[in-house]
Structure formats: structure tokens, C-alpha cells
Amino acid sequence: RDLVAKTLVRAEPAGMANYTLPDAMRAHHRAATGFALEQGRAALFLDTGLGKSLCAFTFAENAAAASGKPALMLAPLGVVGQHKQEAAKFGMNANICRTPDDIRPGLNLANYDRLHLFDRADFGAMVLDESSIIKNFSGVMTRRLMSFGEVMSYLLACTATPAPNDHMELGQHSQFLRAMPSSEMLTRWFIADQSEMGRYRLKRHAIDSFWSWVASWARCAERPSDLGGDDTGYILPPLDLQRHVVD
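This report concerns the structure included in the present document. From a predicted model like this one, the values you see are computed outputs, not experimental measurements. (Residues numbered from 1 in each chain as written. Predicted model: local features only at pLDDT ≥ 70, side-chain atom pairs only at ≥ 80, totals over all residues. Heavy atoms only, no water.)

**Section: the pattern of salt bridges**
Tallying each qualifying case throughout the model produces 3 salt bridges. Across the pair Glu-86 and Lys-89 runs a salt bridge whose closest N-O atoms are separated by 3.6 Å. Of this pair, Glu-86 and Lys-89 both sit in helix H4 (residues 80–89), 3 residues apart, which is roughly one turn of the helix. The exposure class of Glu-86 is partly exposed, given its relative accessible area of 26%. The exposure class of Lys-89 is exposed, given its relative accessible area of 65%. In this structure, Arg-188 engages Glu-184 in a salt bridge whose closest nitrogen and oxygen atoms are separated by 3.4 Å. With a gap of 4 residues between them, Arg-188 and Glu-184 both fall in helix H7 (residues 182–189), about one helical turn apart. (Salt bridge = Lys/Arg side-chain N within 4 Å of Asp/Glu carboxyl O. Helix = DSSP H or I, 4+ residues; strand = E, 2+ residues; numbered from the N terminus. Buried < 20%, exposed > 50% of the residue type's maximum accessible area, 1.4 Å probe, protein only.)

Put into C-alpha cells, the structure is as follows:
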């Protein structure tokens, strides 16, 4: 047993022990955000409607306070204004910044397409909303984000749609969070699938080891109970389908 334990690979925590969580958080929010803050660099793969935004805002505010520098949260075009309104609902002040002159202490929101305008030295933390944007390992934006975050103590990647069967996407998240380079992940746990060029297949004997490692830097949930929460109010009723035939 001791020998097996020595072979297990985990992302070492590099976060904070003391942090503040808002009263508005439910049990699954607290579990996910607390894990991310204690880990320091983490991913939250929470399904749509589970409150990723609140987790991200809280992570950013605590990381900004711990680092003594502003936190930058990047989002797709058109979502930044929505995040500002959402943060206000929880009594949080989110500042929209379009240029370096707009940066303020605490949480700063910006579109991905403005990343090139900022200096990474001005921030102590970075949060990616819809972090599947880093899926393309050869993309220009992916390279910019990897470089921008490589010196920051606090990183958070949030998305509701990580492809569980697209291991390259998990590898990209791992590399962004500095848990392990994507190439090393593939070498350790995967084998090239000769039946499908460019695809990698998880080695059968490595399944438990691989997902145990992923769980050391990420949390994934389809419903609150996956993280110890209450599913009440989160389970949608069955669809009422009515078929209309038009001649």
C-alpha cells in the first residue's frame, strides 16, 4: 500500500488557509470555492446554473486580498457587463477595465480580446470564464493566456462544458494551472490510438490514477449533491413535448 501511495501523483496545494465566503453561498459553492482557494490554482467544472460566477467572484476577491494586487477575470465578448450586474447582486464590486488605466483594486473584468493590452505584473490573480477557450493548444489566445498566468500565484479556470472524452482539453487546463504540462500528462497516462490518428487513449490500468490526479486540481459537478449540497430547486421538471403537424 505504501509503495502504491508513493507512485500517486497529485497537484500540491499552493493557496491560502484563511479566506472569506459570502453568506449567499450554498453548500456546493462553499465546497468548490474553498477547494479552489486552498489549492491556489484550480479548475471548477460546474454545470450550467450551479453558480460558477459566484465562486469565481469570491475566488478573485480573496486572491486579490492575499496577493496585494488586483485580480483579472476574463470573459467572452458581451458577458463582462452581465458579470458586473451579477456581482452587484451579491454585494461585490466588479470593475470593468478596457485599458490599463481602468484597473482598480479588487476584481477587474475584461474581454479576452483585450488581454494583449495588459501587463501581467499588474495582477496577482487571474480567472478564466468559459475556460474551454484554451482547448486549442496551438491557438494564439491559448499561448497568451498560458504566458500571462505563468507567474501568478492564484489561477482559476471555470467552465460548464469540459469535454470528459477530450483529454487534450483537460491537459490544457492542467498546463495553464501549472499542475502538469499537457505533454507529460499524455506520456504518463495515455497511449496513441492507432485506429484514430491524433487521438490518445487512456491506459486501462491508469484510469483510477489519472482521475485521482485530476481531482487534486479540479472539481466537477452536474448537480449540488455531487459536492455535498442539496439538489432542491436545481432539478428541472421533465419537458412537456407537444407535437404540431402542419400540412
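**A few points about the sheet that holds strand E3 (residues 94–96)**
One open sheet holds the 7 strands; their spatial order is E3-E4-E2-E5-E6-E1-E9, and the pairing between them is parallel. Single-partner strands in this sheet number two, and they are E3 and strand E9 (218–221). Strand-to-strand, the axes of this sheet are offset by a mean angle of 20 degrees, without reference to chain direction. Relative to strand E6 (residues 154–158), strand E5 (residues 125–129) runs parallel, the two sharing 5 bridges. Bridge assignment links Leu-128 to a residue of E6, and that residue is Ala-157. Running over the sheet, helix H3 (residues 52–67) touches strand E1 (41–46), strand E2 (71–75), strand E4 (107–111), E5 and E6 and is turned about 170 degrees from E6. (Pairing = 2+ DSSP bridges. Axes fitted to C-alpha atoms, helices over the stretch in contact; angles between N-to-C directions. Contact = heavy atoms within 4.5 Å.)

**Some words on the layout of surface pockets**
Its boundaries defined by the atoms lining it, the second largest pocket holds a volume of some 260 Å³. Lining of the second largest pocket is provided by 13 residues; of these, Gly-51, Lys-52, Ser-53, Gln-82 and His-83 occupy positions nearest its centre. When residues of the lining of the second largest pocket are traced back to their parent elements, those giving at least two are H3 and H4. Within the lining of the second largest pocket, the residues separate by chemical class into 3 nonpolar, 6 polar and 4 charged. (1 Å grid on protein atoms, 1.4 Å probe; cavity = no way out; pocket = protein on both sides within 12 Å on 5 of 7 lines; lining within 4 Å. Points joined across faces, edges and corners; volume = space filled by probe spheres on them. Nonpolar A, V, L, I, M, F, W, Y, C, P; charged D, E, K, R; others polar.)

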